[in-house]
Amino acid sequence: MRKFLYGIFVLIILVSFVGCSQATQPTSETTDPNKNTTPPPIKDKNELRVAMSVAPPTLDMHKTTAVVTQQVGWHIFEFLVTLDKDYKVVPMLAEKIEISGDGKTITLPLRKGVTFHNGKAMTAQDVVASLNRWKQMSSTGRSALSKTTVTAKDEMTVQLSLEQPSSTVLPALAYPVQGAVIMPKEVIEGADEVGVKEYIGTGPFQFAEWKQDQYIHLKKFAGYQSLSEPTSGLAGKKEAKVDDLYFIPVPDAATRLAGLQTGEYDFADEIPFDNYDIVKNDPNLTSYVTKPRRYNGFIFNTKAGVFSNAKIRQAVNAALDMDSIMMAATGNPDFYRLDHGLMHQEQAWYVDSGKEQYNQKNESKAKELLKEAGYKGEPVTILGSKDYEFLYKGTLVIASQLEKIGMKVNLEIYDWPTLISKRGKEEGWNAFLSYFPLFAEPTQTIFLDSRNNWPVPGSYHNPKMLMLLDQMRATSDFEEGKKIFTDVQALYWEDVPVIKIGDMYGLIAMRNYVKDYQFFMDISFWNVAVQ
Amino acid sequence: MGGYILKRIVSLIMVLFVVAVVDFIIIHLTPGDPAAVILGSHASEDELARLREQLGLNLPITLQFAKWISGVLQGDLGWSIFMNMPVTQAIYEHMGPTLSLTIFAEVIAVVFAIPLGVMAANRRGSWIDQGLMILALLGISLPSFLIGLNLILLLAVQMNWLPAAGYQPLSSGIFNHLKYLILPAISLGIMQGALIARMTRSSMLEVMNENYIRTAEAKGLKTRIVLYKHAFRNAFIPILTVIGLSFATLIGGAVVIETVFNIPGIGKLIVNSVLRRDYQVIQGAVLMIATSYVLINLVVDLLYAYIDPRVKYEKS
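Remember, predicted model here, so these are calculated numbers, not experimental data.

Quick notes on the rules
- Along every chain, residues carry numbers that run from 1 in the direction the sequence is written.
- Written order decides the labels, with chains lettered from A and ligands numbered from 1.
- Under the rules for a predicted model, residues below a pLDDT of 70 receive no local features and side-chain atom pairs below 80 are neither given nor counted, while totals for whole chains, interfaces and linings still include all residues.
- The basis for the side-chain values is all heavy atoms of the structure; hydrogens and waters are excluded.
- Secondary structure elements are taken from DSSP: a helix is a run of H or I of four residues or more, a strand is a run of E of two residues or more, and numbering for both begins at the N terminus.
- Exposure categories follow from relative accessible area, calculated using a 1.4 Å probe and restricted to protein chains: below 20% of the type maximum is buried, above 50% is exposed, and the middle band is partly exposed.
- In short, Shrake-Rupley with a 1.4 Å probe defines the accessible areas, and a residue's cover is counted only from the protein chains shown.
- Here a strand pair is declared whenever DSSP counts at least two bridges between the two strands.
- What pLDDT reports is the predictor's confidence in each residue, on a scale of 0 through 100.
- Convention adopted: a line fitted to C-alpha atoms gives each axis, helices being fitted over their contacting stretch, and angles between N-to-C directions are expressed from 0 to 180 degrees.
- What sets the label is the angle itself: under 35 degrees gives roughly parallel, over 145 gives roughly antiparallel, 65 to 115 gives roughly perpendicular, and the rest give oblique.
- In this scheme, a crossing is called left-handed if the near helix is turned counterclockwise away from the far one by less than a right angle; it is called right-handed if the turn is clockwise.
- In this analysis, two residues are considered to be in contact whenever any of their non-hydrogen atoms come within 4.5 Å of each other.
- Gly is put with the polar residues, along with every residue not named as nonpolar or charged; the nonpolar set is Ala, Val, Leu, Ile, Met, Phe, Trp, Tyr, Cys and Pro, and the charged set is Asp, Glu, Lys and Arg.
- Two parts placed together each lose some accessible area; with a 1.4 Å probe, that loss summed over both constitutes the buried area.
- A carboxyl oxygen of Asp or Glu within 4 Å of a side-chain nitrogen of Lys or Arg is what we treat as a salt bridge.
- Nonpolar cores were defined as sets of buried Ala, Val, Leu, Ile, Met, Phe, Trp, Tyr and Cys residues, with membership established by side-chain atoms within 4.5 Å.
- Where each domain starts and ends comes from a domain assignment, either automatic or drawn from a database.
- By convention, a stacked pair of Phe, Tyr or Trp rings (six-membered ring in the case of Trp) has centres within 6.5 Å and planes under 30 degrees apart, an edge-to-face pair has planes over 60 apart, and any other such pair is tilted.
- Put simply, a charge is over a ring when the Lys NZ or the Arg CZ is close to the ring centre, within 6 Å, and near the line of the ring normal, within 35 degrees.
- Here a polar contact is recorded for every N or O atom pair within 3.5 Å, except that within protein the pair must consist of a potential hydrogen donor and a potential acceptor, and residues adjacent in sequence are included only if both atoms are side-chain atoms.

Visitor: Give me the lowdown on the overall build of chain B, citing residues and values where you can.
Guide: Check the secondary structure of chain B and you find 13 helices and two strands. Projected onto the principal axes, the alpha-carbon positions of chain B cover approximately 85 × 60 × 35 Å. For chain B, with 316 residues in total, the buried portion stands at 51%. On chain B, roughly 14800 Å² of surface is accessible, and the fraction owed to carbon and sulfur atoms is 69%.

Visitor: So, the pairing of strand 8 (residues 205-211) of chain A: which residues are in play, and what are the values?
Guide: Residues and elements named next belong to chain A. Relative to strand 9 (residues 215-220), strand 8 runs antiparallel, the two being bridged by six bridges. By the bridge assignment for strand 9, Glu 209 is matched with His 217. The antiparallel hairpin formed by strand 8 and strand 9 contains three residues in its connecting segment, where Asp 213 sits at a positive phi of about 65 degrees.

Visitor: Tell me about the confidence of the model for chain B, and name the residues and values.
Guide: Put simply, chain B has an average pLDDT of 89, and 98% of its residues get 70 or more. Here the prediction assigns the complex a pTM of 0.87, and the interface score ipTM is 0.86.

Visitor: Please give an account of the packing of helix 10 (residues 223-251) of chain B against helix 13 (residues 279-307) of chain B that cites residues and values.
Guide: Residue and element names in this part refer to chain B. Between helix 10 and helix 13, the least distance of the axes is 9 Å, while the angle of their chain directions is 165 degrees. In terms of their interaxial angle, helix 10 and helix 13 are classed as roughly antiparallel. As helix 10 packs across helix 13, the resulting crossing turns out to be right-handed. Mapping the contact onto sequence places Arg 233, Phe 236, Ile 237, Leu 240, Thr 241, Gly 244, Leu 245, Phe 247, Ala 248, Thr 249 and Ile 251 in helix 10 and Ser 292, Tyr 293, Ile 296, Asn 297, Val 300, Leu 303, Tyr 304, Tyr 306 and Ile 307 in helix 13. Taken together, the residues of the contact of helix 10 with helix 13 break down into 14 nonpolar, five polar and one charged.

Visitor: A description of the interface of chain B and chain A should follow, citing residues and the corresponding values.
Guide: Across the contact, 56 residues belong to chain B and 67 residues belong to chain A. Across the chain B/chain A interface, buried area totals approximately 4900 Å², and carbon plus sulfur atoms make up 57% of it. When the buried surface of chain B facing chain A is broken down by residue, His 42, Glu 45 and Phe 175 of chain B rank first, second and third, together holding 13% of it. Where chain B packs against chain A, one counts three salt bridges. Between Asp 213 of chain A and Arg 276 of chain B there is a salt bridge, with its nearest N and O atoms 2.9 Å apart. Put simply, the parts of the chain that give the side of chain B that touches chain A at least two residues each are helix 2 (34-39), helix 3 (45-55), helix 5 (87-122), helix 7 (144-158), helix 8 (174-208), helix 11 (255-260) and helix 12 (266-276) of chain B. In terms of residue class, the side of chain B that touches chain A is built from 32 nonpolar, 15 polar and nine charged.

Visitor: So what about the nonpolar core? Which residues, and what values?
Guide: Counting 178 residues, the largest nonpolar core has Leu 160, Phe 298, Met 407, Phe 447, Ile 499 and Ile 501 of chain A as its most contacted members. The element best represented in this core is strand 17 (residues 498-511) of chain A, accounting for eight residues. Split by domain, the residues of this core number at least three in each of domain 1 (2-86) and domain 2 (88-307) of chain B. Apart from residues lying up to four places away in sequence, Met 407 of chain A is in contact with Val 306, Phe 307, Ile 312, Val 316, Leu 370, Tyr 375, Val 380 and Leu 402 of chain A. Ranked by size, the runner-up nonpolar core spans 50 residues in total, among them Val 118, Ile 213, Ile 266 and Ile 270 of chain B.

Visitor: With reference to specific residues and values, describe the domain arrangement of chain B.
Guide: All names here are of chain B. Taken domain by domain, chain B consists of domain 1 (2-86) and domain 2 (88-307). Each of domain 1 and domain 2 was reduced to a C-alpha centroid, and the two centroids are 31 Å apart. Domain 1 puts 31 residues into the contact, and the matching count from domain 2 is 27 residues. At the boundary of domain 1 with domain 2, total buried surface from both sides reaches about 2600 Å², with 69% on carbon and sulfur atoms. Residue Arg 8 pairs with Asp 301 through a salt bridge whose shortest N-O separation is 2.5 Å. When residues of the side of domain 1 that touches domain 2 are traced back to their parent elements, those giving at least two are helix 1 (2-29), helix 2, helix 4 (61-73), strand 1 (79-80) and strand 2 (85-86). The element contributing the most residues to the side of domain 1 that touches domain 2 is helix 1, with 12 residues.

Visitor: How would you summarise unusual backbone geometry if you had to cite specific residues and measurements?
Guide: Residue and element names in this part refer to chain A. For the bond from Lys 291 to Pro 292, the omega torsion is -10 degrees, close enough to zero to count as cis. Within the secondary structure, Pro 292 is located in strand 12 (residues 285-300). Cis peptide bonds are those with omega within 30 degrees of zero, and the linkage from Trp 454 to Pro 455 qualifies with 0 degrees. Along the chain, Pro 455 turns up in the loop between strand 16 (431-437) and helix 14 (463-473).

Visitor: Please set out helix 2 (residues 67-76) of chain A residue by residue, giving values where relevant.
Guide: Residues and elements named next belong to chain A. Counting buried residues along helix 2, nine of its 10 residues qualify, which places the element largely inside the surrounding structure. Of all the positions in helix 2, only Val 68, Thr 69, Gln 70, Gln 71, Val 72, Gly 73, Trp 74, His 75 and Ile 76 are classed as buried. The elements touched by buried residues of helix 2 are strand 1 (47-52), strand 8, strand 9, strand 10 (244-249) and strand 12.

Visitor: Break down the environment of Gly 131 of chain B for me, citing the residues and quoting the values.
Guide: All names here are of chain B. Here Gly 131 shows up in helix 6 (residues 127-141). On the basis of relative accessible area, Gly 131 is assigned to the partly exposed category, the value being 30%. With 65 residues separating them in the primary sequence, Gly 131 and Ile 196 have C-alpha atoms 16 Å apart.

Visitor: Quick one: what's the story with the packing of aromatic side chains, residue by residue and with numbers?
Guide: Within this structure, the stated rule accounts for 32 aromatic pairs over all chains. Arranged with centres 5.3 Å apart and planes meeting at 50 degrees, the rings of Phe 232 of chain B and Phe 236 of chain B form a pair that is tilted. Here Phe 232 of chain B and its partner Phe 236 of chain B are both found in helix 10, four residues apart, which amounts to about one turn of the helix. For the pair Phe 232 of chain B and Phe 236 of chain B, one class covers both residues: buried. An aromatic cluster is present here, built from Tyr 295, Tyr 358, Phe 436, Phe 447, Trp 454, Tyr 492 and Trp 493 of chain A joined pairwise through their rings. Here Lys 238 of chain A stacks its cationic end above the ring of Trp 526 of chain A, 4.7 Å away from the centre of that ring. Seen from the ring of Tyr 295 of chain A, Lys 500 of chain A lies directly overhead, with NZ or CZ sitting 4.9 Å from the centre.

Visitor: Give me the lowdown on the environment of Arg 473 of chain A, citing residues and values where you can.
Guide: Residues and elements named next belong to chain A. Mapping Arg 473 onto the fold places it in helix 14. Filtering out sequence-adjacent residues up to four positions away, Arg 473 remains in contact with Ser 143, Pro 165, Ser 166, Ser 167, Thr 168, Thr 443, Asp 449 and Arg 451. Polar contacts involving the side chain of Arg 473 include one to the main-chain carbonyl oxygen of Thr 443, which spans 3.4 Å.

This is the structure in structure tokens:
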């Protein structure tokens, strides 16, 4: 008996070691391409394994504003028009963009020979069905297309009839977050309250499998019809250079990094800034600072409570020292940029108005404004969440800066879903720090237009702002529109429904064999190869 | 025996009902809802309200509970809004990794802990005993994620012997399967092993003061026979309890370790579902864990009778 037990013990130890030595011999791995095995240190399979920080709620891009849905979805789905590297709207599934002389008709002939992943050829019927669904579901769609009818002029031409000329329709169609992607008509008709039942698009990758909490697997779409023009931003040539693309949710940042270092993943998104040195010093890894990517904003409850008073908001704006907030959030000046613009410097819409209101660091002015506004030490509830480390740290610094000008701050820390649900109610909160993705054009900025009812119905409402926004939307001339935007931004900095804190970048890293990686707006993997 | 089991099962159902009610109330008292998670943080209130209505989240809470519990009684644990599949299927799909991990961790724990515990008891007071108990204390005190992260750093990142994270199903080959489980199983096994080793030692010490042990020794039996045949068998009941409890704990999903190693098991399912407010998955999974907890306890109690013939349930 004793010998028997001893034998089993030795056997277990041996098996463990055999397991270990197996791991050190990558060449002995099976290379069956249909099997999902671990990639060895040197890439011998034409696949890309991407570690992401969250899992998408759905891949139905019409449905959600979640950025992660777009990160996966835009490999599967495509848009009629898209943005080039200068954020200009250019055709994608449309062959060209024709705007009538009075600006009230936009005609979009479709590219011929484009097929969906199910083999069906794309027609104007599919586009009309897709755009109508999107218009119902997305706030960008609703505000841009509310007075627009989408019709199929013929089998391969889509026509948008506008009540008045508009500069926002095309950028809205091109904007990727909760974007106007084209799906087959049958898929749209089969959708229920949860979303579409199948993920079928025209993109360079097709949906293969979603294993909950493990991975989303996309495969190269052999029938993809690429544009021949050179790649520019999201436009031009797109090619699936890997056969398999895996999106793997790895919420733990340390695990994401460790997995990248061991070659378990080929690419990792959202590497914590603290790990910049580790990534830089690892000879197997290439790091990449993604910019522009988002900006951080301090969002007020303008509907109820202390901050419904614009003077008090101005006081906060006068007090804030943006550099120390951004520094706390990122820990490294390489990862942020102080900028007052609602649009990013890289975008043609960028204007200078309101600059003097940004980053004032003027405590005495802030105190003066508080006195004028009649602030009597009412407690201010700021919501925070540790789910996003950079927001949490930024929130702490903002809170201490508000205390310095004599505001009574009450910090409430929750998990992110709780925070989101709290901020959806009128009462119970006064402000929170969050971030905003890149917008394709200024009127998409969600907090400027009270008709978006964000963050709560009845938020910031200034008739002059609405008038300016509508004027902008009705102006098809870019320079003219930009002039109006100058006024919009100046008015925004006076009313400050949200205080823009600064542009924040992201840190991504990949194995050295990942080639030709380009970042534009968000992570994408067409045209990316492994060697 | 039959009567005893019946009695236990009746009380078991009562326990599970209480669990279901408390579970439901706590989850629904937590702010946040699945609609906001699905639509993203920039969705407007109108869209949220529409989705809430479509998903039936606007129904009175008592009605929601009644609907859910009547489903549960018919074996239907509900529907996952987020994963768009029945909760039973979601649990089933996440059960495999947790079971593998649990069994592997438990094997590591038992294989090391029991011989070491016996050894410590046999040499009570010696440096071996003290050293082992210090190690056991460390094993209990060190958080498993700390052990896990250090193992990743050492064996995966530095030595590149084992994968840092992830999971491969058994169908991808036994070695591939185990390769991914070694580090998480060790991280978990250390803590459970430490508990079992301490229990083994103290239970053995108690038994070794008994007269029959002295008799056995006086008969001139070999130490090993005395230890394992006479002492250990009698000391085993409390050890078995600890093993059973630790197995039940692990079945519930090692939340932290599954997160650190990105293993798609029950623990991760629950954490993700809490973050997504996928109510019925949380309710279903908690109920499932509670069920396995009480069932394992029942099995352990029944095993007592098998191990120790003196234990009889009929009369109790």
